[in-house]
Protein chains: 8
Amino acid sequence: MEAREILNQVKNGGISVEDAEKYFKKQPFEEMGYAKLDSHREIRSGFPEVVFCSGKPDEYLKSIYQKLYELNGEVFGTRASLHQYKLVSEVLPDVIYDEIPHILKLELKDKKHNGKIAVCSAGTADIPVAEEAAQTAEYFGAEVERVYDVGVSGIHRLFAKIDILQEANCVVAVAGMEGALASVIGGLVSRPVIAVPTSVGYGASFNGLSALLTMVNSCANGVAVVNIDNGYGAGYIAAQINRLAL
Amino acid sequence: MEAREILNQVKNGGISVEDAEKYFKKQPFEEMGYAKLDSHREIRSGFPEVVFCSGKPDEYLKSIYQKLYELNGEVFGTRASLHQYKLVSEVLPDVIYDEIPHILKLELKDKKHNGKIAVCSAGTADIPVAEEAAQTAEYFGAEVERVYDVGVSGIHRLFAKIDILQEANCVVAVAGMEGALASVIGGLVSRPVIAVPTSVGYGASFNGLSALLTMVNSCANGVAVVNIDNGYGAGYIAAQINRLAL
Amino acid sequence: MEAREILNQVKNGGISVEDAEKYFKKQPFEEMGYAKLDSHREIRSGFPEVVFCSGKPDEYLKSIYQKLYELNGEVFGTRASLHQYKLVSEVLPDVIYDEIPHILKLELKDKKHNGKIAVCSAGTADIPVAEEAAQTAEYFGAEVERVYDVGVSGIHRLFAKIDILQEANCVVAVAGMEGALASVIGGLVSRPVIAVPTSVGYGASFNGLSALLTMVNSCANGVAVVNIDNGYGAGYIAAQINRLAL
Amino acid sequence: MEAREILNQVKNGGISVEDAEKYFKKQPFEEMGYAKLDSHREIRSGFPEVVFCSGKPDEYLKSIYQKLYELNGEVFGTRASLHQYKLVSEVLPDVIYDEIPHILKLELKDKKHNGKIAVCSAGTADIPVAEEAAQTAEYFGAEVERVYDVGVSGIHRLFAKIDILQEANCVVAVAGMEGALASVIGGLVSRPVIAVPTSVGYGASFNGLSALLTMVNSCANGVAVVNIDNGYGAGYIAAQINRLAL
Amino acid sequence: MEAREILNQVKNGGISVEDAEKYFKKQPFEEMGYAKLDSHREIRSGFPEVVFCSGKPDEYLKSIYQKLYELNGEVFGTRASLHQYKLVSEVLPDVIYDEIPHILKLELKDKKHNGKIAVCSAGTADIPVAEEAAQTAEYFGAEVERVYDVGVSGIHRLFAKIDILQEANCVVAVAGMEGALASVIGGLVSRPVIAVPTSVGYGASFNGLSALLTMVNSCANGVAVVNIDNGYGAGYIAAQINRLAL
Amino acid sequence: MEAREILNQVKNGGISVEDAEKYFKKQPFEEMGYAKLDSHREIRSGFPEVVFCSGKPDEYLKSIYQKLYELNGEVFGTRASLHQYKLVSEVLPDVIYDEIPHILKLELKDKKHNGKIAVCSAGTADIPVAEEAAQTAEYFGAEVERVYDVGVSGIHRLFAKIDILQEANCVVAVAGMEGALASVIGGLVSRPVIAVPTSVGYGASFNGLSALLTMVNSCANGVAVVNIDNGYGAGYIAAQINRLAL
Amino acid sequence: MEAREILNQVKNGGISVEDAEKYFKKQPFEEMGYAKLDSHREIRSGFPEVVFCSGKPDEYLKSIYQKLYELNGEVFGTRASLHQYKLVSEVLPDVIYDEIPHILKLELKDKKHNGKIAVCSAGTADIPVAEEAAQTAEYFGAEVERVYDVGVSGIHRLFAKIDILQEANCVVAVAGMEGALASVIGGLVSRPVIAVPTSVGYGASFNGLSALLTMVNSCANGVAVVNIDNGYGAGYIAAQINRLAL
Amino acid sequence: MEAREILNQVKNGGISVEDAEKYFKKQPFEEMGYAKLDSHREIRSGFPEVVFCSGKPDEYLKSIYQKLYELNGEVFGTRASLHQYKLVSEVLPDVIYDEIPHILKLELKDKKHNGKIAVCSAGTADIPVAEEAAQTAEYFGAEVERVYDVGVSGIHRLFAKIDILQEANCVVAVAGMEGALASVIGGLVSRPVIAVPTSVGYGASFNGLSALLTMVNSCANGVAVVNIDNGYGAGYIAAQINRLAL
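Caption draft 1: Broad picture of the overall build of chain A. Within chain A, the regular secondary structure consists of 11 helices and 11 strands. Residue burial in chain A is summarised as follows: out of 246 residues, 61% are buried. Of the contacts made within chain A by residues no fewer than 6 positions apart, 65% connect residues no fewer than 24 positions apart.

Here you go:
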């Protein structure tokens, strides 16, 4: 019920003042003690809630997977361990675990994937983060083209795939070490590029800081950046952008 | 001419081997000695080139404004000084200077603005960067709603404008100091949020580093970040996103 | 005895010069070789000494728990391991271990809790630090209201608890990642906010540095900050503030 | 009017649905274009709004000083320049400028100062920040004792004033360079210590970063920290704490 | 004289023990009070000494230009101001000042330039540093090809000049902002790439730190890095490398 | 075939338009799903591809060693573990593992080593990185002289080996802690010095950051720097430089 | 009077209880409002107080120079400006200003200088800091040998002066850029080396941070470090060390 | 033999030219392949070589302990593990291991300890580093007074020991967390203070960086700093200073 409707009912005696007051104070979440389930998340954002598995106590993880599966008929979690996969399998035997991006999911069978996103990785070591982005975007309904191992040390590999990039509604560029890939792609496409620095590298890569700075300072237009190793965040915003194009 | 067409003409004798060879080596830019004008920029990106005025020598700035105006019938520059305004006025008397965002522009009169972008600023000191974003997005064809001075120290001001944010195709969130605005907005809207940290603040703001880190670490989904004070970059990518929604 | 009293007694022959000299040189601590027990701590601060368990050798920990229990009839330690719990149980069988905040304590049974402090956490992962703050404040006599999982990505959860915050003598705001919670609360309440950045997060959170900078740069008034993960420090100062209000 | 009262009047026909709806949507601030005056600030925080003068355009500063003076009969601003003093004098001839802390104020004549706060500075170069804290706390009703130039290089100067510190409801410790003063005071008093790092120093002081880290890592209990050079923030929270003791 | 020759002469009585002793203690520099002129520099390194003009007192600069000109018939200085140009002109009227790279030089007329070095800049703002590198390498005898404004935001400009890069004995890559140019070139050529980060950029470029990290982390092989804005150092080592190829 | 040759053949009917088109679109890499083998690497750089073993899945590592051995008759990998040695031994029984630099290689028996490179280490703890550099340069055909444990704390050890350094075509200087070795060598030789900071040290060495900064700021000419612990990168560029001298 | 003596006099009636009490509370400093003159400094440290001139208001500086001159017959200040020299000349016409190290002093005529300290600088640009160290040590009674411009880029210059260094009671090593000088000297002498990093340099010297880290990480024994550009601090501690040797 | 003596003998035919030449080229170290034993260390520095055990291969450690014991009749090593203790015991059964500071030593029985050094620690967790300093100084002949657990949170404990500090020739101040102890001691004594930051702490202590900055910025005179956790370095330089006083 909208505010105006409630007020009208108050005037008409349809609901009491006390009930109306409660309504204005009612909050859109469910109190679970250690957590407050954000039950209005999908209403606000259009995307159902996703589970960040890392560090969740066993019992909590199991019950949250069950509850979200009941609510939505599907459930998707990131940064899950093999142990957590076994745990959740006890209650959701069909749950699938992809150990490369550490994703634990049970998706609707008939999901449509519309609009195209390209997810690129600079090296093979960046693939776990790239897959997290790709599978997140797929979960949120996008069709994803993977373009992996196209870093600037052999830039001809990127040019061989340039059509895929130029046709996508959004490009996710995943790179560690010096992270130059995002700028190069930004100069070649007309759609937004979401850059994901990774912690791949050593020495002065400072666990991704170097790639993060590279991407934030991109000389190319149309590049915006998410946190180091945050494939999920890139997949999410890429799916938001893709949705606008449908 | 596409590659296949050229090769066909070579076979048929329509063009000589020497001419075809030149074609494959021809590059889409104009050599100006100290610079290489990227004449294919609009073909690749869909947006005409913009002038970064800061530090450009006087004569070069004048000629580039003239040349771009001739090419496109309009021209747009950022980080311009009052001195540069006077300079360009000599050759383009109708050029307009907005000293808050330091923008120097001469826009097409009949430009259509389609799709809506919201540009928010946390404080009044962030307005120069916010205006750079807003006017950039307008130059690239978006309609912009400004929502200024809605920082989290008085968060009711933001809630009063929540409808504007929720209806926009993209929200640009501009904030210095601790930069919390982007996360709060990210939790309230369903469209992408482009966050712009500003150098507003003192002490441990470290010229925008604090706000940059805040925004990169946003706990809300759908937030991506550009460089400190890079209003132009945010306006550009917001216009790209908005264009997808048309 | 106060200095003047001693001097009077010296004059009157009540005590010898030698004894008076000793008094002026007597120091309010007990020498234990590897440590100097600060026996005047409670006299100076009004709060009894607390044990920082981490890294204490086994034998030392046991004897210090015993000694403090004998002195005060209660004892409270932070950052204790399960191993240390078992160890101390041997000498203090009633000692209680809470493994979430790693607190090992044996409190007086009839402790009164006066004045109200609110302890908020942004996410569930911040709860260990929040509990350290809450239980510390309780040990020092405050009544504590816990408001957990109210981070800014779903800010309506915070507003649902706003009454609790506004009624507290002091609010402790515990948050990792971007740490925006402290600023938002600072803008909503009239009492001091003690902000605790946590090391929760990844990538550019740099183990809590991002949240620390956010909180130090808070645009809201009335926010002061303690060290990363320093729930104990926040609980201590919150209890000091609360005590002033009684 | 409280929410329940409005709803009752709606039921009784005292106000129309449309009017009630407006009320629920009315926001507690005044839109001024470039700024949103937070007119509910005092209702939420108990302290009237203060002006951060630095960077405010001339005309805006004059009108905001006038408006706040009309509202409250007094007005207080920080980081004001001599130029701004002359400017505001034109409309408020009795305004007073203290060039050490750069404060521009016109206070109520009969203001009571209750409760005692001690403001300490390590060196004479820290006095501008210390005075900003002291005068802020005085503006908000506290009585302030100044204890300046008591840094740890000659720690006997601090001990000579120890009574003042131990009797205060809150101690503000202002120090640059290595910032050790806050820890030393924290070990000597039973009330909260608000530590203010300053940018005084050179070389590896890194404009206050060294002092900030020192204070955040204080080994003494009861120390919380505000931003570098943020005397205002320290005075504000000290006044909040002091108010609780009245 | 070599050591063995001296010893032989001592044995033969050709030189006295005292003279030989002096020889072993004689140092290859000239004491000038405030400085020690490294007169053996060219003997050790093969390149004559170069003047770092910035900050040199007027009289000292004049005399050092004169002395080096007398010694070598030419003289070369970096980071010179217009004022210093006028100053040196008084004693060396033919000295030439290039205000873009701030170079002040008087070169031998018949200098041969052998071997080819390519100096690339990402943007026009990087040209001052690139020119410092180019003119330094020329002074040390290399032939230099300039390839300016070929940054990765329009990477086709670089590919149009790829032949020049692939034919050079060494490539100097000068770039600010994100500094991606060095990695891209490193992946395309078979000769060493000397990367020079510049302080061009703003915000998170942190005065060249971002570009420095990018270049140090290059995923391409064959890239080594000099200090931020150190065009001279890059030109020097490029000339050393080039000399090996002759 | 070069582009001109193909075009001539098209004109002459030697190859069809369709075949020529394929050629222009053919990419010089082999798609392997998770990776794109850069088969043109040697054509572009003159050096065959090297394996970065760390983190490679077992099956992939085995197949890549086999494939590269088939292609080149030799194979060289860095950062290999003992486990990986055993693994690769199953398919290439003659592969050799050097556990100090973690190199896993099978080299051509009759390889010629021409031109001389000197590899210096400051301490014995820097030897693993120095050996990575030395063996890399040897794999690429250089003759390497090792000069180990010649750090500046006993600088006479370096002077005892000065002839070796002054005769080399390139010197690799490997040092951790304060990294002063590179500057000292830079002042003593006429050939390029490639400096490798190592993560050897503790405390304020910050895992090699201190040595990196030292080397980047070298006051001596002719020093360029690679990433922390990047012995491979130094050996590679040293081999490139050495090759120019042959 | 010692404490025991006072107590004896109290007993004997030599002084009253009230007077004795005052004595125990009397503090060894003089309250000047904005400052507390540390009148016991020389008693505690053996060296008279020195003036840090930078930022002192004119009137205060004049009076403090006068007062210290009256007390000690000499006065010494660092970081003084030309303006301050003129100012102090009005009251102390014989005061001497050395504009290189910015020292403003009036020394006792017959001062003895005992024990030898060597002060070394890496470059000529480091001389201002080196002179601050040298003249400070001289003011405190040491004999100082200056060894300037002996940086590691031409290390033979240092070896030419090695006798001076090896004979000194303490060596002060002043260097900017990469700061390698301190380690090299540390390896050559048997006495303590006090290292002073300077802000000389550019780019990745980060205003002295690089040199500071170099010196703190020195691989040579016997090196301790003071703040960036802190020549005074180095001269002070060198004088303390030298005094022990007399 | 001194240089002059050799030359005289050459003249007199006492030694041949060839032998003299060898002498001038003979280096004062022993080549051991992986290391160059600095056999002239004691001649240059007056202190015998010490073993940094951490990371030394087993066989090398055993042989170096044996060799040094043979040479000097004693041997001293830092950062040794329990495993290394057992290892060395096999060849030197009387070797003693102190597991707190990780020191493995076999000292001369009749060693004299002259001159007094005070070693202070702020907390008990700093004792391992303090003991490394103390035992190092003892090995080099100093008498050491330990003053542990005297941090500034209970500063009366320090004052109780002030006599010990004021009588020492040198004070070593060891502290982690905020590291304020060094400044406080610097203000109280007349002899040099060698400050050792430790990595004790958490959060914003950044593994000792905070304490390092505190100590480098000390407002007290007479404080110089060594690397984080470098107890050995502090003990070494303290012994050097102490030796000057004998």
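The discussion continues.
Caption draft 2: Molecular detail of the domain arrangement of chain A. Residues and elements named next belong to chain A. What the domain assignment reports for chain A is domain 1 (3-106) and domain 2 (114-245). With 15 residues of domain 1 in contact, the opposing surface of domain 2 contributes 15 residues. For the pair domain 1 and domain 2, the summed buried surface comes to about 1400 Å²; carbon and sulfur atoms form 60% of the total. Remark: the boundary between domain 1 and domain 2 carries one salt bridge. Arg79 is the partner of Glu132 in a salt bridge, and the nearest nitrogen-oxygen pair spans 3.9 Å.

Caption draft 3: Layout of the pairing of strand β9 (residues 170-175) of chain B. Residues and elements named next belong to chain B. Of all six residues making up β9, six are buried, and the element is well covered by its neighbours. The side-chain alternation of β9 yields two buried faces, one formed by Cys170, Val172 and Val174 and the other by Val171, Ala173 and Ala175. Pairing of strand β7 (residues 116-121) with β9, which is carried by five bridges, proceeds in the parallel orientation. Residue Cys120 lies in a different strand from β9, and its bridge partner there is Ala173.

Caption draft 4: Region of the structure containing the pattern of salt bridges. Enumeration according to the criterion identifies 72 salt bridges over all chains in this entry. Taking the shortest distance from any N to any O, the salt bridge between Glu107 of chain B and Lys111 of chain B comes out at 3.1 Å. Under the relative-accessibility criterion, Lys111 of chain B is labelled buried at 19%. The salt bridge partner of Arg157 of chain E is Asp149 of chain E, with a shortest N-O separation of 3.8 Å. Neither Arg157 of chain E nor Asp149 of chain E differs from the other in exposure class; each is buried. One continuous salt-bridge network, built from bridges that share partners, spans Glu74, Lys105, Glu107 and Lys111 of chain A.

Caption draft 5: Structural view of the packing of helix α6 (residues 127-139) of chain E against helix α11 (residues 231-244) of chain E. All names here are of chain E. The contact between α6 and α11 brings their axes to 7 Å, and the two run at 35°. As α6 packs across α11, the resulting crossing turns out to be right-handed. From α6, Val129, Glu132, Ala133, Thr136 and Ala137 reach across to α11, where they touch Gly231, Tyr232, Ala234, Gly235, Tyr236 and Ala239. Its residues placed into classes, the contact of α6 with α11 shows seven nonpolar, three polar and one charged.

Caption draft 6: Fine view of the sheet that holds strand β6 (residues 103-106) of chain B. Residues and elements named next belong to chain B. In spatial order, the strands read β3-β4-β6-β5; together these four strands make up an open sheet with mixed pairing. Across the chains shown, the open sheet's two edge strands, defined by having one partner strand only, are β3 (51-52) and β5 (96-98). Pairing analysis gives two bridges linking β3 to strand β4 (residues 75-78), with the strands arranged parallel. In the strand pairing of β4, Val51 is matched with Gly77. Contacts from helix α4 (residues 58-72) reach β3, β4 and β6, with the element oriented near 145° to β4.

Caption draft 7: Focus on the confidence of the model for chain A. Per-chain confidence: chain A averages 89 in pLDDT, with 88% of residues scoring 70 or above. For this predicted complex, the interface confidence comes out at an ipTM of 0.88, alongside a pTM of 0.90.

Caption draft 8: Main features of helix α4 (residues 58-72) of chain G. All names here are of chain G. The end-to-end C-alpha separation of α4 is 21 Å, in line with the 21 Å expected for 15 residues at 1.5 Å each. Residues of α4 that are buried: Tyr60, Leu61, Lys62, Ile64, Tyr65 and Leu68. Its buried side turned inward, α4 meets β3 (51-52), β4 (75-78), α5 (82-91) and β6 (103-106). Of the residues trailing α4, Gly73 is marked for its positive phi of about 75°.

Caption draft 9: Local environment of the sheet that holds strand β4 (residues 75-78) of chain A. Residues and elements named next belong to chain A. One open sheet holds the four strands; their spatial order is β3-β4-β6-β5, and the pairing between them is mixed. Lying at the two open borders of the sheet, with one neighbouring strand each, are β3 (51-52) and β5 (96-98). Pairing analysis gives three bridges linking β4 to strand β6 (residues 103-106), with the strands arranged antiparallel. Bridge pairing in β6 places Gly77 opposite Leu104. Its contacts with the sheet place helix α6 (residues 127-139) against β4, β5 and β6, and it is angled at close to 165° to β4.

Caption draft 10: Summary view of the side chain of Ser218 of chain H. Within the secondary structure, Ser218 of chain H is located in the loop between α10 (209-216) and β11 (223-225). Ser218 of chain H sits in the buried class, given a relative accessible area of 11%. With near-sequence residues (within four places) excluded, Ser218 of chain H lies in contact with Met177 and Glu178 of chain D together with Ser183 and Val223 of chain H.

Caption draft 11: Region of the structure containing the environment of Gly123 of chain B. All names here are of chain B. Examined against the element boundaries, Gly123 turns out to sit in the loop between β7 and α6 (127-139). Residue class for Gly123 comes out buried when judged on its relative accessible area of 17%. With 64 residues separating them in the primary sequence, Gly123 and Glu59 have C-alpha atoms 37 Å apart.

Caption draft 12: The packing of aromatic side chains, seen in detail. Inspection of the entire model under this criterion finds 68 aromatic pairs over all chains. Seen in terms of ring centroids, Phe47 of chain C and Tyr236 of chain C are 5.1 Å apart; in terms of plane orientation they differ by 85°. Their pairing is edge-to-face. Taken as a pair, Phe47 of chain C in the loop between α3 (41-45) and β3 (51-52) and Tyr236 of chain C in helix α11 (residues 231-244) lie far apart in primary sequence, 189 residues in all. Both residues of the pair, Phe47 of chain C and Tyr236 of chain C, belong to the buried class. Ring geometry for Tyr232 of chain E versus Tyr236 of chain E: centroids 6.1 Å apart, planes at 55°, classification tilted. Here Tyr232 of chain E pairs with Tyr236 of chain E, and both are found in helix α11, just four residues apart, close to one helical turn. Considered together, Tyr232 of chain E and Tyr236 of chain E belong to a single accessibility category, that of buried residues. Just above the ring of Tyr202 of chain B sits the side chain of Arg79 of chain D; from NZ or CZ to the centre is 4.1 Å. Above the face of the Phe47 of chain F ring, Arg243 of chain F is positioned so that its terminal group lies 4.1 Å from the ring centre.

Caption draft 13: Just the interface of chain B and chain A, in detail. In this complex, chain B contributes 30 residues to the contact, which on the side of chain A involves 30 residues. The junction of chain B with chain A conceals about 2600 Å² of combined surface from both sides, 59% of it contributed by carbon and sulfur atoms. Elements with a minimum of two residues in the side of chain B that touches chain A: α3 (41-45), β10 (193-197), α10 (209-216), β11 (223-225) and α11 (231-244) of chain B. Counting residues per element, the side of chain B that touches chain A draws most heavily on α11 of chain B, which supplies seven residues. Residues of the side of chain B that touches chain A, tallied by class, amount to 17 nonpolar, nine polar and four charged.

What counts as what
- Residues numbered from 1 in each chain as written.
- Chains lettered and ligands numbered in written order.
- Predicted model: local features only at pLDDT ≥ 70, side-chain atom pairs only at ≥ 80, totals over all residues.
- Heavy atoms only, no water.
- Helix = DSSP H or I, 4+ residues; strand = E, 2+ residues; numbered from the N terminus.
- Buried < 20%, exposed > 50% of the residue type's maximum accessible area, 1.4 Å probe, protein only.
- Contact = heavy atoms within 4.5 Å.
- Domains from an automatic or database assignment.
- Buried area = accessible area lost by both parts, 1.4 Å probe.
- Salt bridge = Lys/Arg side-chain N within 4 Å of Asp/Glu carboxyl O.
- Pairing = 2+ DSSP bridges.
- Axes fitted to C-alpha atoms, helices over the stretch in contact; angles between N-to-C directions.
- Left-handed = near helix turned anticlockwise from the far one by under 90°.
- Nonpolar A, V, L, I, M, F, W, Y, C, P; charged D, E, K, R; others polar.
- pLDDT = per-residue confidence, 0-100.
- Expected span 1.5 Å × (residues − 1).
- Phe/Tyr/Trp six-rings, centres within 6.5 Å; stacked < 30°, edge-to-face > 60°.
- Lys NZ or Arg CZ within 6 Å of the ring centre and 35° of its normal.

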